[in-house]
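Chains, contacts and geometry: an overview
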Amino acid sequence: LPLVSSADDHARCEGAVKGWADSAGEGDNGGDKLNLKDLLFFLHIPRTGGRTYFHCFLKKLYTNAQECPRSYDKLRFDPSHPDCTLVVSHDDYSLTSKLPRERTSVVTILRNPVDRVFSTYEFSVEVAARFLVHPNLTSAKTMTSRVLTKSRAVSTLDIWPWKYLVPWMREDLFSRRDARGNDSVPSSKKINAYDVEDMVMPLHQYINDPVAHEIIHNGATFQITGLTNNSYFDGAHEVRHCVRKHPDLGRFVLQVAKNRLDRMLYVGLTEDHEESARLFAHMVGAQVLSQSGALKLDVQEDQPSGTDSHSSMLDPEDEETNEHMHPWLEK
């Protein structure tokens, strides 16, 4: 293959990133961002506390019939339902390409990126460790496959980004457990829970691994800009690769993220949870009730039934799981 100079590669990448940024700006028309539109898209960034908003607010504001059907083949949104008014997903912003943008309001929650990385690491370890009830990795994979085939429930292994992070951590945990079976490997007596190398992948190794660079580093920014490895945008990989290779180009991605946040109906902060919840109730909840013409919520409508098409739509980050029955299934 012909050699490409560093300058030529930077110029090529700059063209690709700037071209994407210009087109991304064109798709984000203004309008009245303070008024709730027909469809609400909750762009759920992992480990920001979004589960609380979903269960405590959205599940009480919207009936099951109003929640948009979803396909769990890569957690892809199914836009076939004509009357849905709520979609909650870990899909990135590129999902809006499947939605009527002029009739869609977007909300999200942000978190200090360092804290979010810590939480992502901890959750990856927690879920992967549930598989250690099995004698070996092969047994864990076989049993998981059997249960998921028979069950309608949603597994964490179906959900981005856990579908990548959990199997990676699971394989590492089994490898370290097997190594501990060798008497020459001493048992760890370290106090630092993030550096117990003979038990679990240390935090520093986790965040420096190519898997983490692909999914976790600048994860919230890439999710807001629609550039994750789960994106609907075909050119997402090229733009993401160029930004990682030439960090100075990240300014274009950051500006797109800022512009999109500015156009959202609501942006909450995990660190200011109480005030953010109040603002959500005022900015979103009040408008949902106003548009529905309801003065109070009908709790009966929100009770799941045996014929409910959404009964299997379970929260991928619900930590109150039945760990003894099926530790990899979410309740």
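The chain goes by Sulfotransferase in an unreviewed UniProt entry, where it is assigned to Aegilops tauschii subsp. strangulata. For the chain, the Subcellular location (unreviewed entry) comment in UniProt is given as "Membrane".

Turning to the nonpolar core, a few remarks are in order. Counting residues in each nonpolar core, the largest one holds 26 residues, and the members touching the most others are Tyr121, Leu165, Val166, Met169 and Tyr206. It is helix 5 (residues 162-180) that provides the largest number of residues to this core, a total of seven residues. Apart from the residues lying within four places of it in its own chain, the contact partners of Tyr121 are Met169, Tyr194, Val200, Met201, Pro202, Leu203 and Tyr206. Of all hydrophobic cores here, the second largest spans 19 residues; its members include Tyr53, Leu61, Tyr62 and Val107.

This part takes up helix 11 (residues 273-292). Taking 1.5 Å per residue as the helical rise, helix 11 with its 20 residues ought to reach 28 Å, and the 27 Å between its terminal C-alpha atoms agrees with that figure. Remark: the principal bend of helix 11, roughly 35°, maps to Ala281. As for helix 11, its buried residues are in contact with strand 1 (39-43), helix 2 (50-61), strand 3 (104-110) and strand 4 (266-269). After helix 11 finishes, the residue Gly293 shows a positive phi value of roughly 75°.

Thresholds, definitions, all that
- Residues numbered from 1 in each chain as written.
- Predicted model: local features only at pLDDT ≥ 70, side-chain atom pairs only at ≥ 80, totals over all residues.
- Heavy atoms only, no water.
- UniProt positions renumbered as here; feature names shortened; annotations may be inferred.
- Core = buried A, V, L, I, M, F, W, Y, C linked by side-chain atoms within 4.5 Å.
- Buried < 20%, exposed > 50% of the residue type's maximum accessible area, 1.4 Å probe, protein only.
- Helix = DSSP H or I, 4+ residues; strand = E, 2+ residues; numbered from the N terminus.
- Contact = heavy atoms within 4.5 Å.
- Expected span 1.5 Å × (residues − 1).
- Bend = angle between axes of the 7 residues up to and from the residue.

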